[in-house]
Number of protein chains: 2
Amino acid sequence: MAEGEFDVIVIGAGPAGMSSAVFIARANLKTLVIGDPEKSELIKAESVGNYLFANGRGGRELLDEGIAQVEKYGAMAIVNEVVHIAKDEPSGIFTVKTADAKEYSARAVVLAIGVSYVQSGIKGEKELSGKGVHYCVACDGYFYKGKKVLVVGSGNYAAEEAIELLAYTSDITIISNGREFAISPELMAGLQKGSVKMRKDRGTEFIKPSASAKLTLAKKDGTKEDFDGAFVALGTASTVGFANKLGLELDKDGFIVIGRNGMTSVDGVYAAGSCTGGALQMAKSVGEGCVAAISIIKKLRGIDNYSDLT
Amino acid sequence: MAEGEFDVIVIGAGPAGMSSAVFIARANLKTLVIGDPEKSELIKAESVGNYLFANGRGGRELLDEGIAQVEKYGAMAIVNEVVHIAKDEPSGIFTVKTADAKEYSARAVVLAIGVSYVQSGIKGEKELSGKGVHYCVACDGYFYKGKKVLVVGSGNYAAEEAIELLAYTSDITIISNGREFAISPELMAGLQKGSVKMRKDRGTEFIKPSASAKLTLAKKDGTKEDFDGAFVALGTASTVGFANKLGLELDKDGFIVIGRNGMTSVDGVYAAGSCTGGALQMAKSVGEGCVAAISIIKKLRGIDNYSDLT
């Protein structure tokens, strides 16, 4: 079912992801970059002054050049959105699924996913987290076998979470929380096949007076609806989404914890750029992309030292 | 006596130093860069392929552009060699001395000094380290009051160490270990004023049979000479030299230990680039320069968050 087998998949096509892909591809490892450069914060920069040797150039021009540089050294770059990731044990192989329902496998992944956390604004979400409100179907879907479940979100990530829920229950409702739905044809077909209900309702509050009580969603139109549980999957898969699916350690601010070598708490998973916290700067992102790449090259090649001299 | 007072002095004019200087100067802090771009490893690169957005450009062209970028944002850059650094307590002010005997002060320093450790090749050096053979006059010169002392080295760093020794003793000999001496007129005047002896002898072995015995230097010409102690100061001031003078923690491989925010173990001292170990890559150096800069800006401005958006 896998569209392609790679040594490394880089998730994210901003400066951190591009930098790591350049190094990894130059080391002759089969490299796939999945992401949309247009979603990088860099696209907003009219003139970049602080990144050494790119003085005065525009963000869009740099991103175009970056993708060309990535491809020049043999990495494949596809503009898409990652909606699911899983690690198989004991093989240690990662499977990454995109919004067009294609799957790719790799021996290591670099998360260069930026900061994209979107809050639902629904009252009670935080208080009921883990007590009826969840963030990861792969982690908690099991508890809702045959139950009535809500998914909150309007994009491909929410669609993928709903489709994963079909393994446990057939009574699934997605609410877009007032937004327009934006879902790929492939995932839409999966939702329709599973008879997933889709509505543009906007939630205002989650209510659950006791552990055994239903989870009630109060809505902006004044109505209320009961569910057994809810999964929040707003925006694109964020650090929280990836952390839940892979078991990554996050710091208190929700950033991915890495060591000085770019490794996360999960073997084979590396992270770089804004998703690791600290300075939100292109130079820091490019540097971390490099560091993660060198660590991966050493790991996959089984060597202690690696230098890319030019 | 200080030639100039700065907020920050960046020591080293390779990619790490330049990157940090660009960020610091853009934050309107008075910034001085001391170093020689020609001594950066980057100068050897005919075509840079792995640094994002500098695809195919030459090392010399990039270094020239980097210095222009540093100066564009108001940092001062001088091509010189740092021969001494000290931190005053309790003021926390750093004094940095260059080979032309000028002094500059700053509230924080970035060490971006690369890897330049030179070994003497003299047998017994390592075994007698701390037991007659030393690496820091500011640390250990005191033990040689009125004694006969040897300095091993041919450059400005050795000259500065010898001049510092004049505070303790007048019987000082520098041997160049077979190299030509290369010392600035200002430091040469200091050596002559102090009647420091200079010879091109080459040492082959340090011998010291017991704690109370003299330190004997065996030479290539077959002769031997006794000293009370020796200070090794080869090449330029390296991580070991700076670590000794400032009390910095080094790792087991001799690299400067930093945290993820670029801070060393000494307050006000930051490090970036090859001198911190890890990947010897321009991208990593530029990233670490950025990270150290942001930390310094936050510290000197007393703020918790700082972003330089372009």
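None of the values given here were measured: they were computed from a predicted structure.

Caption draft 1: Just the overall build of chain A, in detail. A tally of regular secondary structure across chain A gives 7 helices and 15 strands. Along the three orthogonal principal directions, the C-alpha set of chain A runs to about 65 × 45 × 35 Å. Sequence-distant contacts, at least 24 apart, represent 59% of the contacts inside chain A between residues at least 6 apart. Of the roughly 12900 Å² of accessible surface on chain A, 49% is carried by carbon and sulfur atoms. Taken as two groups, the 35 positive and 38 negative side-chain charges of chain A have centres that lie 3 Å from each other.

Caption draft 2: How the structure looks around the packing of helix α1 (residues 15-26) of chain A against helix α7 (residues 282-301) of chain A. Residues and elements named next belong to chain A. Contact geometry of α1 with α7 gives a least axis separation of 7 Å together with a crossing angle of 35 degrees. Our pair here, α1 against α7, has a crossing hand that is right-handed. Of α7, the residues touching α1 (which contributes P15, A16, S19, S20, F23 and I24) are M282, S285, V286, G289, C290, A293, I294, I296 and I297. Looking at the contact of α1 with α7 residue by residue, the classes come out as 11 nonpolar, 4 polar and no charged.

Caption draft 3: Examining the sheet that holds strand β7 (residues 133-134) of chain B more closely. All names here are of chain B. Taken together, the 5 strands give an open sheet; going across it, the order is β7-β14-β8-β9-β10, and neighbouring strands pair in parallel fashion. The open sheet terminates on both sides in strands that have one partner only, identified here as β7 and β10 (197-199). Where strand β8 (residues 148-152) and strand β9 (residues 171-175) come together, 5 bridges link them in parallel fashion. Its bridge partner lying in β9, L150 is registered against T173. In the packing of helix α4 (residues 156-165) onto the sheet, contacts are made with β8, β9 and β14 (229-232), and the angle to β9 comes to roughly 175 degrees.

Caption draft 4: How the structure looks around the interface of chain B and chain A. Across the boundary between the two partners, chain B contributes 41 residues, which contact 41 residues of chain A. Approximately 3500 Å² of surface area, both sides summed, lies buried where chain B meets chain A, with 58% of it carried by carbon and sulfur atoms. A per-residue breakdown of the area chain B buries against chain A is headed by L52(B), F53(B) and R260(B), which together make up 25% of the total. Summed over the shared surface of chain B and chain A, the result is 2 salt bridges. Note that E288(B) is salt-bridged to R260(A), the shortest N-O span being 2.6 Å. Mapped by element, the contributors of at least two residues to the side of chain B that touches chain A are α1 (15-26), α2 (59-72) and α7 (282-301) of chain B. When residues in the side of chain B that touches chain A are grouped by element, the largest group, 9 residues, is from α7(B).

Caption draft 5: How the structure looks around the relation of the copies chain B and chain A. In screw terms, the move from chain B to chain A is a rotation of 180 degrees and a rise of 0.0 Å along the axis, fitting with an RMSD of 0.0 Å. The superposition of one copy onto the other is thereby described by a two-fold rotation axis. Considering only C-alpha atoms, the residue of chain B closest to the rotation axis is G287(B), which sits at 2.1 Å. Both copies share a contact surface, since 100% of the interface residues of chain B are interface residues in chain A too.

Caption draft 6: Structural detail: the sheet that holds strand β11 (residues 203-207) of chain B. Residue and element names in this part refer to chain B. Strand order in the open sheet made by the 3 strands is β11-β12-β13, with antiparallel pairing throughout. Two strands close off the open sheet at either side, each with one partner strand: β11 and β13 (224-227). Shown here is a sheet whose adjacent strand axes are inclined to one another by a mean of 25 degrees, direction ignored. Where β11 lies against strand β12 (residues 215-219), 4 bridges are found, and the strand directions are antiparallel. Pairing of E205 across the sheet is with A218, part of β12.

Caption draft 7: The side chain of S295(B), seen in detail. Residue and element names in this part refer to chain B. If you trace the backbone, S295 turns up in helix α7. Judged by its relative accessible area of 13%, S295 is buried. In contact with S295, other than residues within four places in its own chain, are N261 and Y270.

Caption draft 8: Quick look at the state of the cysteines. Counted under the stated rule, the structure contains 2 disulfides over all chains. Each sulfur in the disulfide pair C136(A) and C139(A) lies 2.2 Å from the other. Its S-S torsion of about 70 degrees marks the bond between C136(A) and C139(A) as right-handed, since a negative value means left-handed. Classification of C136(A) by relative accessible area gives buried; the value is 2%. With a relative accessible area of 33%, C139(A) lands in the partly exposed category. Unpaired in terms of disulfides, C275(B) finds its nearest cysteine sulfur in C290(A), a separation of 15 Å. Overall, C275(B) belongs to the buried group, its relative accessible area being 0%. For the unlinked cysteine C290(B), the closest cysteine sulfur is that of C290(A), found at 14 Å.

Caption draft 9: Quick look at helix α4 (residues 156-165) of chain A. α4(A) sits mainly inside the fold: 9 of its 10 residues count as buried. N156(A), Y157(A), A158(A), A159(A), E160(A), E161(A), A162(A), E164(A) and L165(A) are the residues of α4(A) that are buried.

Caption draft 10: Representation of unusual backbone geometry. With an omega of 5 degrees, the peptide bond running from E89(A) to P90(A) counts as cis. Along the chain, P90(A) turns up in the loop between β4 (82-87) and β5 (94-98). A positive phi angle, near 55 degrees, is found at S195(A), a position not held by glycine. In this structure, S195(A) sits in the loop between α5 (185-193) and β10 (197-199). Positive phi, normally seen in glycine, also occurs at N177(B), with a value near 60 degrees. Tracing the sequence through the fold places N177(B) in the loop between β9 and α5 (185-193). On the basis of relative accessibility, which here comes to 8%, the residue N177(B) falls in the buried class.

Caption draft 11: Expanded view of the domain arrangement of chain A. All names here are of chain A. What the domain assignment lists for chain A is domain 1 (5-116 + 238-301) and domain 2 (133-232). Here the C-alpha centroids of domain 1 and domain 2 sit 29 Å apart. With 11 residues of domain 1 in contact, the opposing surface of domain 2 contributes 12 residues. Run the count over domain 1 and domain 2 and you get 3 salt bridges. Taken together, the connections running from domain 1 to domain 2 amount to 5 residue pairs in polar contact (both at pLDDT 80 or more).

Thresholds, definitions, all that
Residues numbered from 1 in each chain as written. Chains lettered and ligands numbered in written order. Predicted model: local features only at pLDDT ≥ 70, side-chain atom pairs only at ≥ 80, totals over all residues. Heavy atoms only, no water. Helix = DSSP H or I, 4+ residues; strand = E, 2+ residues; numbered from the N terminus. Contact = heavy atoms within 4.5 Å. Areas by Shrake-Rupley, 256 points an atom, 1.4 Å probe, with all protein chains shown as cover. Lys, Arg positive; Asp, Glu negative; His and termini not counted. Charge placed at Lys NZ, Arg CZ, Asp CG, Glu CD. Axes fitted to C-alpha atoms, helices over the stretch in contact; angles between N-to-C directions. Left-handed = near helix turned anticlockwise from the far one by under 90°. Nonpolar A, V, L, I, M, F, W, Y, C, P; charged D, E, K, R; others polar. Pairing = 2+ DSSP bridges. Buried area = accessible area lost by both parts, 1.4 Å probe. Salt bridge = Lys/Arg side-chain N within 4 Å of Asp/Glu carboxyl O. Least-squares fit on C-alpha atoms with pLDDT ≥ 70 in both. Buried < 20%, exposed > 50% of the residue type's maximum accessible area, 1.4 Å probe, protein only. Disulfide = S-S within 2.5 Å. Domains from an automatic or database assignment. Polar contact = N/O pair within 3.5 Å; in protein donor to acceptor, adjacent residues only side chain to side chain.

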